[in-house]
Every structure is written in C-alpha cells, then in structure tokens.
Amino acid sequence: MAEHEHGREHEHVRVAVIGSGFGGLGAAVRLRREGITDFVVLERAGSVGGTWRDNSYPGCACDVPSHLYSFSFAPNPDWPRSFSGQEHIRAYLEHVTDVFGLRPHIRFDSEVKRMVWDSERLRWEIETSRGSLSADVVVAATGPLSEPKLPDVPGLDTFPGKVFHSARWDHDYELRGKRVAMVGTGASAIQIVPSIQPLVSRLTLFQRTPAWVLPRVDRPISGAERALHRALPFTTRMRRGLLWGIRELQVQAFTKHPGELGFVEQLAKHNMGRAIKDPDLRARLTPDYRIGCKRILLSSTYYPALAQPNVEVVASGLSEVRGSTVVGADGTEAEVDAIVFGTGFHVTDMPIAERVVGAEGRTLAETWAGGIQALRGASVTGFPNWMTIIGPNTGLGNSSMILMIESQLNYLADYLRQLDVLGGRVALEARPGAVRAWNHRVQERMKRTVWNTGGCTSWYMDESGRNTTIWPGTTTEFRRATRKVDLAEYAVLRASADGKKTAPQENAEVTA
C-alpha cells in the first residue's frame, strides 16, 4: 500500500517479514492462509533458503529425519533419503515458495539496515539496502544460525593461504591435495571431515571439546515408499507422527532425568570403539560431560575418517597462526594451505539486534545486554508489534525446529487477529512483568535439564552462563503455550486521530 508524504510516495505494508528461511516462508504462508496479502518478505540474499542456502559445504545435511523436518501444511512425499541433504532441503523451500505463491511478496537483495519504532504513528520505519518502507507489524525470522562466528585468533590476518567459515564455503577453492586445518568439532565439522578427508593430503582437526556421536541411520527412501506416500497422503502424516512421538517421549530424559542418558552414552562409546582402535585417540575423542549436554551428533563416517593416516586430531583449540603454521593450545604445530572454521554462529548475541530501535530509543541489543529473553519466545518489552520466530528459549536439543516454528506461527496469527478485534491504529507491547514471569518459569525448569547440569560449556549458554537458547519441555507444551495471545500479558497502545499516541489501555477496558 502506498502513502504520500511530503509530496513523495511512501510504501507501507501491514506486515514486514525479515528473512526467507523456514521461519520467514512459514510466516508468509500463514499470513496468506489468514487472508493477509499486504505484506513483504525482506531477504538480504538473492534467493530463499536461509541457513539451507548459506550452508553448502561438502556433506551438508540435516540431522532430523526428512518427514519431520518439513512443514505439516506442505508434506513432501518424495524425500529421497530418510535424512535429507542440503540440496534437497533447499529445493523443498523453493518448492514451497512457488506452490504458495510467495515470490510476488519477496524483496531479494534487500538487507535490513535499521528498524525504528514510530511511537506516534504506531508503526515501524524500515531502512533496507534497496530503499525504505514502513510496517504495522514486523516479524523477525532471521534465525539464530545466520551469522557465522569466527574466533579471534592471533596472527590469522597474516595467514597467506585460504580462510573461510563453513557457512561461507568457497567452492572455487580446490581442496584436493591441500593441507587443511579444520577448526571445530560441531555439527558442521563432523559432516565436512569425512567429505574432504579422501581429497586432502593432510587434515589437522582442532578439537576444543569432543562431541558425543551416534550412528546416522540414513538410507534411501525407496520408490515404492514414495509412491505409497503420493497415493495415500495419510501415510506421510503417519510417518511424521511416529517420528514426532518418539522424540516427544525422549524429552523427559533431557529435561528431568539426565541420569537415564547413561545407556545412550554406552551406545556412543561402542560406536566410537568400532572405528577408533588407537586407545590414545579414543581417549582424546571421549567427552567428559553427560551426553545431551551439547547437541548429540549423528554420523557413521566421522570416526572412520579420523582413523585414517592423513588425519591428525589436536585435542586443543587453535591458539595462534604464524605465517602458514597453525599452532594449537597444547603447542602442536602444522603447516597448512587452508583453514576452515566450523565454529558456529552468533546465537545469544544476534547481530540484527543492533539494528532494531524500540519505543524508548534503545536498540534491541541494549535491551538484551543482560541476556536475551522474550515473552513466549516472541515479544519483547519496548518493541511493540515486533515478533521473532525462533526467539529466545525456543531451540530444541532432540527434535525438529519446524515444530516450534509452526507453534510460533499460531501465536503470530492470533496476535494479528487480536489487533483486528481491537480495531483502529493499535499496537501490543509485552508487559515487563509478563516477560519476567515467563522467563523465570523457563529458567526454573531449565535448572534440572541435562543442558544445565551435564557439565559442559555449550553455545546454548550466554556469557553469564544462562541457557537462553533451549526450550526445557516438549513441543506439545510449547504449542499449548503459544496457541493464543493472552491480552493480560500486553499493554494496548492506541493512536488518536491526529496520529499522537494515547496512554496504554488497561486490560480490564480491553477485555470488557
């Protein structure tokens, strides 16, 4: 919708969605299903896909089964494998974009530079790399795995060879025959290592903390299975439901009874022992924390790759670079031609927070300086009509994030319905007490979980040691908690006819 201000045309939309990964595309589909077509999706890149577009490293794949790692409203009967590769997931997201007619709403190459809340007009003013616009509601679906995190390594800037992060893979650089340092042993590294090990002349793996690794029971999905799913769609739903149910039953061990995970540890040790015969290497690869404290990784090829003669595991982090020599914290040195960082992302300090300016003139980063938190993982005090998808404490340690995204889309849909019911130019702002109460409940439940008690340091924790990433319950509990917006948890802001903001309404007046 175009408005005219000071003789020039200004674009205004009801909803602006930031990002076109699973969260952003899911929000766009949900808006259309709610009958809302006055929206845009602002995407900084030239195509959809989010993290599944950016992460294209060798071996990139999902560690959640295909039929569970897809939208319930867009089942795919033709997944080629039980665990899908990056190219299949990206193709699925392109398919969703086309099937639901989302392309007319997407603005590619439109990176959001700044968002400022206009307290008088009750709307967001948004500056992008391709111009400005305004929106009544902003849905931030930038995702926690969108900004690569590089460690500050002394001497790295003088390294004469090639350096890149796993999420910014340089496909033009030929690794064959090269000496490569892989930094990190997380979910990306355990897929990269077996993929490049046969190609490189020497692979030096810098491991700060070993991971628990279970076999990846992956297989092709047969043509007969796919034909059955196409002919009888309810079989796809049954398959998804079974995968979901198994993971729901596992949650208790992670959240309430971490001691029960001992049996899983034994399975992981057996998995290692089958491939790693060297007792010294086995000792270096054995974690000293409870399984599940860090994300359990799935691979049937990681350990066999580490046992190959051209691989060296350095059981310490990378501490220094001297020319083409990489130096571990334990003093180990290696000459390398390339350094690949699999060192994760800015999760608890999301960079977009620096670009969002709320009602009091403070950025979201300033508001979150003491730790990120949001009401039901979505709303933040001081930021009216701003919602985040995959916000604080919505992450999962054992299941599909698509389940959490769809729950948050339910909350978004009801949020917009509430604005319609209230009528006029109106905004909702999360009450400080409601945010504190929600966060207190979450953190109290977190105290007994394996993520807090398992004895590890993980990217789930912020600098103060608070777990601001994981949801300490089942996906069913989260869906119940986000089914409806409780207006008692929000202040209602209204604009008068002259565009001036009026005082927040009391909830008794709202619900009367």
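Now for a quick tour of the structure.

Scoring rules and cut-offs
Residues numbered from 1 in each chain as written. Predicted model: local features only at pLDDT ≥ 70, side-chain atom pairs only at ≥ 80, totals over all residues. Heavy atoms only, no water. Salt bridge = Lys/Arg side-chain N within 4 Å of Asp/Glu carboxyl O. Helix = DSSP H or I, 4+ residues; strand = E, 2+ residues; numbered from the N terminus. Buried < 20%, exposed > 50% of the residue type's maximum accessible area, 1.4 Å probe, protein only. Pairing = 2+ DSSP bridges. Core = buried A, V, L, I, M, F, W, Y, C linked by side-chain atoms within 4.5 Å. Contact = heavy atoms within 4.5 Å. Expected span 1.5 Å × (residues − 1). Arc of directions from axis to C-beta. Phe/Tyr/Trp six-rings, centres within 6.5 Å; stacked < 30°, edge-to-face > 60°. Lys NZ or Arg CZ within 6 Å of the ring centre and 35° of its normal. Disulfide = S-S within 2.5 Å.

## So, the pattern of salt bridges
Phase 1 of the analysis: Following the criterion strictly, the structure yields 31 salt bridges and no others.
Phase 2 of the analysis: With its nearest N and O atoms 2.5 Å apart, the salt bridge here joins E147 to R44. With E147 in the loop between β7 (131–140) and β8 (162–165) and R44 in the loop between β3 (39–42) and α2 (51–54), this pair connects stretches of sequence that are 103 residues apart.
Phase 3 of the analysis: Residue classification places E147 among the partly exposed positions, given a relative accessible area of 21%.
Phase 4 of the analysis: Put simply, E225 and R239 hold a salt bridge, and the shortest N to O gap is 3.2 Å. Of the two residues, E225 is situated in helix α5 (residues 223–231) and R239 in helix α6 (residues 233–255); the sequence distance between them amounts to 14 residues.
Phase 5 of the analysis: One continuous salt-bridge network, built from bridges that share partners, spans R30, E34, D414 and R417.

## Thoughts on the pairing of strand β21 (residues 490–494)
Phase 1 of the analysis: Of all five residues that make up β21, five are buried, and the element is covered over most of its length.
Phase 2 of the analysis: Here β21 shows two buried faces, one formed by Y490, V492 and R494 and the other by A491 and L493.
Phase 3 of the analysis: Across five bridges, the pairing between strand β20 (residues 426–430) and β21 is antiparallel. Looking at β21, one finds that V426 is bridged to R494.

## A short note on the nonpolar core
Phase 1 of the analysis: F22 and L306 are the most contacted members of the largest nonpolar core, which totals 113 residues.
Phase 2 of the analysis: Among the elements that line this core, the one with the most residues is helix α11 (residues 401–422), at 12 residues.
Phase 3 of the analysis: Discounting chain neighbours no more than four positions away, the residues touching L306 are V193, L205, I276, L281, L285, V311 and V313.
Phase 4 of the analysis: Counting residues in each nonpolar core, the second largest holds 29 residues, with M350, A374, L493 and A495 among its members.

## Focus on helix α12 (residues 432–446)
Phase 1 of the analysis: Compared with an ideal rise of 1.5 Å per residue, which puts 15 residues at 21 Å, α12 spans 21 Å between its outermost C-alpha atoms and is within 8% of the ideal.
Phase 2 of the analysis: All buried positions along α12 are accounted for by A434, V435, W438, N439, V442, Q443 and M446. For α12, the buried positions fall inside an angular range of 155 degrees around the axis, keeping them on one side.

## Thoughts on the packing of aromatic side chains
Phase 1 of the analysis: Applying the stated criterion across every chain, the model contains 16 aromatic pairs.
Phase 2 of the analysis: Relative to Y92, the ring of W79 lies with its centre 5.2 Å away and its plane at 40 degrees, an arrangement referred to as tilted. Taken together, the positions of W79 in the loop between α2 and α3 (86–99) and Y92 in helix α3 put the pair 13 residues apart, joining distant regions of the chain.
Phase 3 of the analysis: By relative accessible area, which is 1% here, W79 ends up buried.
Phase 4 of the analysis: A relative accessible area of 3% means that Y92 is categorised as buried.
Phase 5 of the analysis: Aromatic ring contacts, followed pair by pair, group F22, W52, Y69, F71, F73, W79, Y92 and F100 into a single cluster.
Phase 6 of the analysis: A cation over a ring is seen here: K178 above Y173, with NZ or CZ 5.2 Å from the ring centre.
Phase 7 of the analysis: For the cation-ring pair, R445 lies above W471, with the distance from its terminal atom to the ring centre recorded as 5.7 Å.

## Notes on the state of the cysteines
Phase 1 of the analysis: On inspection of all chains with the given rule, the structure shows one disulfide.
Phase 2 of the analysis: Disulfide pairing places C293 opposite C456 at an S-S distance of 2.0 Å. Measuring handedness by torsion sign, the sulfur bridge of C293 and C456 sits at about -85 degrees and is left-handed. Of the two residues, C293 sits in the loop between α8 (279–285) and β12 (297–298) while C456 sits in the loop between α13 (450–453) and α14 (475–481), which places them 163 residues apart along the sequence. We note that C293, like C456, is buried.
Phase 3 of the analysis: Left unpaired, C60 is separated from the closest cysteine sulfur, that of C62, by 8.9 Å.

## Details of the pairing of β7
Phase 1 of the analysis: Within β7, seven of the 10 residues are buried, which leaves it mostly tucked inside the rest of the structure.
Phase 2 of the analysis: One ladder, built from five bridges, connects strand β6 (residues 123–128) with β7; its direction is antiparallel. Of the residues in β7, the one forming a bridge with E127 is S132.
Phase 3 of the analysis: Count of turn residues in the β6/β7 antiparallel hairpin: two residues.
Phase 4 of the analysis: Where β7 lies against strand β19 (residues 386–388), three bridges are found, and the strand directions are parallel. Across the sheet, residue V139 finds its bridge partner in β19, namely M387.

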